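# Residue-level structural notes
So you can see what is in the structure, the chains are spelled out below.
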Amino acid sequence: MKAAVYYENGPPEVLRYEDVPDPQCHPKGIVIRVEAVSIEGGDTLNRHGGPLMTNPHVVGYQAAGTIIEVGAEVTHLQVGQKVATTGGWGSHAELRAVSAKTAWLIPDGMDVRHAAVIPVTFGTADDCLFEFGRLQKGETVLVQAGASGVGVAAIQLAARAGASMILATASSDERLEKLKAIGLTHGINYKTHDVVQEVMRLTDKKGVNVIVDSVGGPTLQSSIGSLAYRGRVSMVGAAGREPMRVDVGSMMGGNRTLSGVFLGAEIATDRVQKNIAKLIADVASGELKVMIDRTFPLSEAAEAHRYIESRQAVGRVLLIP
C-alpha cells in the first residue's frame, strides 16, 4: 500500500509518500480501506517530536473507510461496513489496522469525510466540557484555539448545552468570524489583544466558568487567569509546543480547578463508546456540524501538515488516499 511515512522527527518535509507493507489484521481488530484521514493536532506533534512506533513510521490517529478484513474474534462488525476509526498511529495510509473497540459504524448516507473527523475531536471536546468541566446551562465558556477541530466541536457543544456566553481565541479576526455561525458569542484575537483582559472585559470582571485549553504552554496560565470563582479548566493538549509552567497558587483564592483530559485513557469504556456513537449520529442528523477547511491527496501529506501549522485552517484538514 501507499502511505505518508517518515524515518525521523522533524518539519513537514520529513514526510515521504512511499510503498510500505499492508497492515496485518489482529484477531480482535479490523482492517479498513481508508477513504478519508482527519489530521489531528497530535499527528503534527508526533511528527515533530513523538515516538516512531514503526519503521518507517506511519503517523495518524483518525481515519474512516470501508472494512475489508475482520479479525476472528470480532462479531459486531463485518466486511463492507463503513466505520470511523482511531488508533495510536497508522491513519496516513491507504489501509489501516485498528482494534474493533476503536471503530464506530457510520450511518447509511453519511459523508465518510465528516465521520472521519468525529471520534477523537468531538469526543475530546465533549469530555472537556461535561465529564471534567461539569458545564451547566447558563454558564460561560472560553475555548482556546477556537478554530481547531476540538475548538469547533466545543463551541457547538457548549451552545447546544445552553451556555450563556461562548468566547474563543484564534490568530486572526477572519478565523473568528467564521465561528460565529456555529455559536461563538465573542472572538478574541490573541495576536492583538490580551486574552485575560478581554475575558474580564466581556464578562464584567467575573471570568468564565469553563475553559477548554488545547494549547498549553503560557496559554494555560492565561486560561487560569480567565477563570471565574469555582471555574474549571480542561487542559487537553500542547499544541503550542512550549513547556507548561503554571502558578498553582493562583488557583487557590478562587477555588479553581485544573483537570488534564486524555480521551484515549477511557476510549474503551462503555461511557465513551456510547458517547462517540451518539456524536456521530448527531452529525449525521445535522444537529452538529463538521467544518472541513481543505482536503489534500495523501501524496501531499507534507503540504497538508505545513498548511495546518500555518494556522490558517478553520476546522479540520483531510487527506484523501
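Attention in this report is confined to the structure presented alongside it. (Residues numbered from 1 in each chain as written. Predicted model: local features only at pLDDT ≥ 70, side-chain atom pairs only at ≥ 80, totals over all residues. Heavy atoms only, no water.)

## Some thoughts on the overall build of the chain
Helix and strand counts for the chain stand at 8 helices and 16 strands. Relative to its length of 321 residues, the chain is compact, with a C-alpha radius of gyration of 19 Å against a globular reference of 20 Å. The principal-axis extent of the C-alpha atoms belonging to the chain is close to 55 × 40 × 35 Å. Split into buried and exposed, the 321 residues of the chain put 53% on the buried side. A sequence separation of at least 24 residues applies to 67% of the contacts in the chain between residues at least 6 apart. Per element, the accessible surface of the chain, about 13,900 Å² overall, is 51% carbon and sulfur. (Helix = DSSP H or I, 4+ residues; strand = E, 2+ residues; numbered from the N terminus. Rg over C-alpha atoms; globule rule 2.2 N^0.38 Å. Buried < 20%, exposed > 50% of the residue type's maximum accessible area, 1.4 Å probe, protein only. Contact = heavy atoms within 4.5 Å. Areas by Shrake-Rupley, 256 points an atom, 1.4 Å probe, with all protein chains shown as cover.)

## Describing the nonpolar core
Within the largest apolar cluster, 49 residues are counted, with the highest numbers of intra-cluster contacts made by I118, F122, L129, V141 and L179. Broken down by secondary-structure element, the contributors of at least two residues to this core are α2 (112–131), β9 (140–143), α3 (149–160), β10 (165–170), α4 (173–179), β12 (208–213) and α7 (270–285). Broken down by element, this core gets its largest block of residues, 9 residues, from α2. Look past the residues within four positions of L179 in its chain and what remains in contact with it is G146, A147, V152, I155, L184 and V314. With 27 residues, the next largest nonpolar core counts L15, I67, F296 and A302 among its residues. (Core = buried A, V, L, I, M, F, W, Y, C linked by side-chain atoms within 4.5 Å.)

## Some words on the sheet that holds strand β1 (residues 2–6)
An order of β2-β1-β4 is seen for the 3 strands of this open sheet, with the pairing classed as antiparallel. The two strands at the open ends of the sheet, each matched to only one other strand, are β2 (16–19) and β4 (57–58). Pairing of β1 with β4 involves 2 bridges; the strand directions are antiparallel. Each bridged residue has a counterpart across the sheet, and for Y6 the counterpart in β4 is H57. (Pairing = 2+ DSSP bridges.)

## Focus: the side chain of D127
Mapped onto the fold, D127 is located in helix α2. Excluding residues that lie within four positions of it along the chain, D127 makes contacts with F132, G133, V261, L263, R271 and V272.

## Focus: the sheet that holds strand β13 (residues 227–235)
Pairing is parallel in the open sheet, where 6 strands are placed in the order β11-β10-β9-β12-β13-β14. Edge positions in the open sheet fall to β11 (186–189) and β14 (257–260), since each of these has one partner strand only. With direction set aside, neighbouring strand axes in the sheet form an average angle of 15 degrees. Judged from the 4 bridges that link them, β10 and β11 form a sheet pairing that is parallel. (Axes fitted to C-alpha atoms, helices over the stretch in contact; angles between N-to-C directions.)

## Comments concerning unusual backbone geometry
The omega torsion of the bond from N55 to P56 falls at 0 degrees, within 30 degrees of zero and hence cis. If you trace the backbone, P56 turns up in the loop between α1 (41–49) and β4. Positive phi outside glycine occurs at K205, with the angle close to 65 degrees. For K205, the position within the fold is in the loop between α5 (195–202) and β12. Exposure remark for K205: the relative accessible area of 73% places this residue in the exposed category.

## Focus: the layout of surface pockets
Taken as a whole, the second largest pocket encloses approximately 280 Å³ of empty space. Counting residues per element, the lining of the second largest pocket draws most heavily on strand β7 (residues 95–99), at 3 residues. Of the residues that constitute the lining of the second largest pocket, the class distribution is 10 nonpolar, 3 polar and 2 charged. (1 Å grid on protein atoms, 1.4 Å probe; cavity = no way out; pocket = protein on both sides within 12 Å on 5 of 7 lines; lining within 4 Å. Points joined across faces, edges and corners; volume = space filled by probe spheres on them. Nonpolar A, V, L, I, M, F, W, Y, C, P; charged D, E, K, R; others polar.)

## Considerations on the packing of α2 against α3
The description of two packed helices rests on the angle between their axes and on the distance between the axes. Two elements in contact, α2 and α3, have axes whose closest approach is 8 Å; the angle formed by their N-to-C orientations is 50 degrees. Taken together, the axes of α2 and α3 lie oblique to each other. Helix-helix and strand crossings are classified by hand; for α2 and α3 the assignment is right-handed. Residues T121, F122, T124, A125, D126, L129 and F130 of α2 lie in contact with α3, whose contacting residues are G149, V150, A153, A154, Q156, L157 and A158. (Parallel < 35°, antiparallel > 145°, perpendicular 65-115°, else oblique. Left-handed = near helix turned anticlockwise from the far one by under 90°.)

## Some thoughts on the packing of aromatic side chains
Per the stated rule, a full pass over the model turns up 1 aromatic pair. Here the aromatic rings of F296 and Y307 are separated by 6.1 Å at their centres, their planes lie at 50 degrees, and the arrangement is tilted. Taken together, the positions of F296 in strand β15 (residues 292–297) and Y307 in helix α8 (residues 301–309) put the pair 11 residues apart, joining distant regions of the chain. Over the ring of Y307 we find R294, and its NZ or CZ is 4.7 Å from the ring centre. (Phe/Tyr/Trp six-rings, centres within 6.5 Å; stacked < 30°, edge-to-face > 60°. Lys NZ or Arg CZ within 6 Å of the ring centre and 35° of its normal.)

Just distances and angles here, no functional claims.
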